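Working through the structure, step by step
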Amino acid sequence: MRSPDSLQLTRPDGTPIRVLTVDDEPAITELLRMALRYEGWEVRTAASGLGAVQTAREMRPDVVVLDIMLPDFDGLEVMRRIRAEQPDMPVIFLTAKDAVDDRISGLTAGGDDYVTKPFSLEELVARLRGLLRRSGATTARPDSELVVGDLRLDEDSHEVTRAGEAIHLTATEFELLRFLMRNPRRVLSKAQILDRVWNYDFGGQANVVELYISYLRKKIDSGREPMIHTLRGAGYVLKPATG
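This one's a predicted model, so the numbers in the text were calculated from it and none came from an experiment. (Residues numbered from 1 in each chain as written. Predicted model: local features only at pLDDT ≥ 70, side-chain atom pairs only at ≥ 80, totals over all residues. Heavy atoms only, no water.)

**So, unusual backbone geometry**
In this structure, Arg 60 is a non-glycine residue whose phi angle is positive, near 50°. With respect to the secondary-structure elements, Arg 60 resides in the loop between α2 (49–59) and β3 (63–67). According to the relative accessible area criterion, Arg 60 is partly exposed, its value standing at 41%. Phi angles above zero are rare outside glycine, and Ala 163 is one such case at about 55°. (Helix = DSSP H or I, 4+ residues; strand = E, 2+ residues; numbered from the N terminus. Buried < 20%, exposed > 50% of the residue type's maximum accessible area, 1.4 Å probe, protein only.)

Here's what the structure looks like:
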């Protein structure tokens with residue numbers, strides 16, 4: 001059953017969300033096509049890496065559901081080629097591999113989320129909704145700018161600057177920073193961050209939070225007075241630089 005919340009999920013201009021699904025198993029791509037069209041989204045499919053890259057170039061999707069194992073080259077290479085033309089493209093990996101190490105390696109390679117086969121359609125759609133929201137696929141709303149010290153984040157345009165210098169973030173990095181900036185000077189635990197940013201318990205793997213905090217620090221704090229701080233045993237806190 002479709003959630004009422006999903007009815008509101010469209011592109012900023014009101015047109016349907018565009019999803020590219022990539023898998024060489026026809027039964028899976030057809031299942032995904034039916035489920036995502038039921039959400040009111042525009043869906044195109046590809047069965048190979050080359051087909052995926054070409055289709056992404058043609059349709060400019062809002063999100064890609066990408067199998068790692070493909071007949072010509074793997075999903076990581078597909079993602080690299082797509083992001084060479086569309087750097088901010090959110091990607092959720094779909095694979096039969098179920099090891100924690102594989103999940104983390106997929107994320108370190110730049111994927112935003114990870115679902116293992118066999119998967120629940122309801123779970124996959126829920127994760128897609130969360131990923132689309134944090135990638136800016138929802139309609140604009142007022143009062144979109146967050147400011148902490150010299151750090152500014154626009155929730156609608158997804159522009160981030162520190163001391164006037166533009167900072168490029170992936171969709172997941174952006175959502176993590178937004179959560180921190182909505183709660184300045186408040187210590188946020190790994191569990192809170194997992195629940196808010198990933199919308200589910202990532203297999204109990206709190207180290208994914210550490211991973212993305214380190215990504216943010218390299219972009220936000222590198223060469224500057226630190227704003228993101230670790231409180232051992234408690235969590236993380238973002239606060240204005242002291243000087």
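Picking up after the structure, the text goes on.
**A short note on the sheet that holds strand β1 (residues 18–22)**
Reading across from one edge, β2-β1-β3-β4-β5 is the order of the five strands in this open sheet, with parallel pairing throughout. For this open sheet the edge positions go to β2 (42–46) and β5 (113–116), each flanked by a neighbour on one side alone. Neighbour-to-neighbour, the strand axes of this sheet turn through a mean angle of 20°, independent of strand direction. Bridge count between β3 and strand β4 (residues 91–95): four bridges; the pairing is parallel. Its bridge partner lying in β4, Asp 67 is registered against Leu 94. Against the sheet, helix α5 (residues 121–134) touches β3, β4 and β5, its axis set at about 160° to β4. (Pairing = 2+ DSSP bridges. Axes fitted to C-alpha atoms, helices over the stretch in contact; angles between N-to-C directions. Contact = heavy atoms within 4.5 Å.)

**Side note on the pairing of β1**
The buried fraction of β1 amounts to four of the five residues, a majority that puts the element mostly inside the structure. With respect to chirality, the unit in which β1 leads through helix α1 (residues 26–38) into the neighbouring parallel β2 is right-handed. Taken together, the four bridges between β1 and β3 define a ladder with parallel strand orientation. Each bridged residue has a counterpart across the sheet, and for Leu 20 the counterpart in β3 is Val 64. (Right-handed = clockwise from strand over helix to strand, strands pointing away.)

**Things to note about the confidence of the model for the chain**
Here the chain shows a mean pLDDT of 82. Residues at 70 or above account for 85%. Scored below 50 in pLDDT, residues 1–8 makes eight contacts in the model with residues more than four places away or belonging to other chains. (pLDDT = per-residue confidence, 0-100.)

**Brief notes about the nonpolar core**
Ranked by internal contacts, the top residues of the largest apolar core, which has 30 residues, are Leu 151, Val 160, Leu 177, Ile 193 and Leu 238. At eight residues, the largest contribution of residues to this core is made by helix α8 (residues 207–220). In this structure, Leu 177 is in contact with Leu 151, Leu 153, Val 160, Leu 169, Leu 216, Ile 220 and Leu 238, ignoring residues within four places of it in sequence. (Core = buried A, V, L, I, M, F, W, Y, C linked by side-chain atoms within 4.5 Å.)

**Some details on the sheet that holds strand β7 (residues 151–154)**
One open sheet holds the four strands; their spatial order is β6-β7-β8-β9, and the pairing between them is antiparallel. The sheet terminates laterally at β6 (145–148) and β9 (165–167), the two strands that pair on one side only. For this sheet, the mean angle separating the axes of adjacent strands, direction not counted, is 20°. Where β7 lies against strand β8 (residues 160–162), three bridges are found, and the strand directions are antiparallel. What sits directly across from Arg 152, in β8, is Thr 161.

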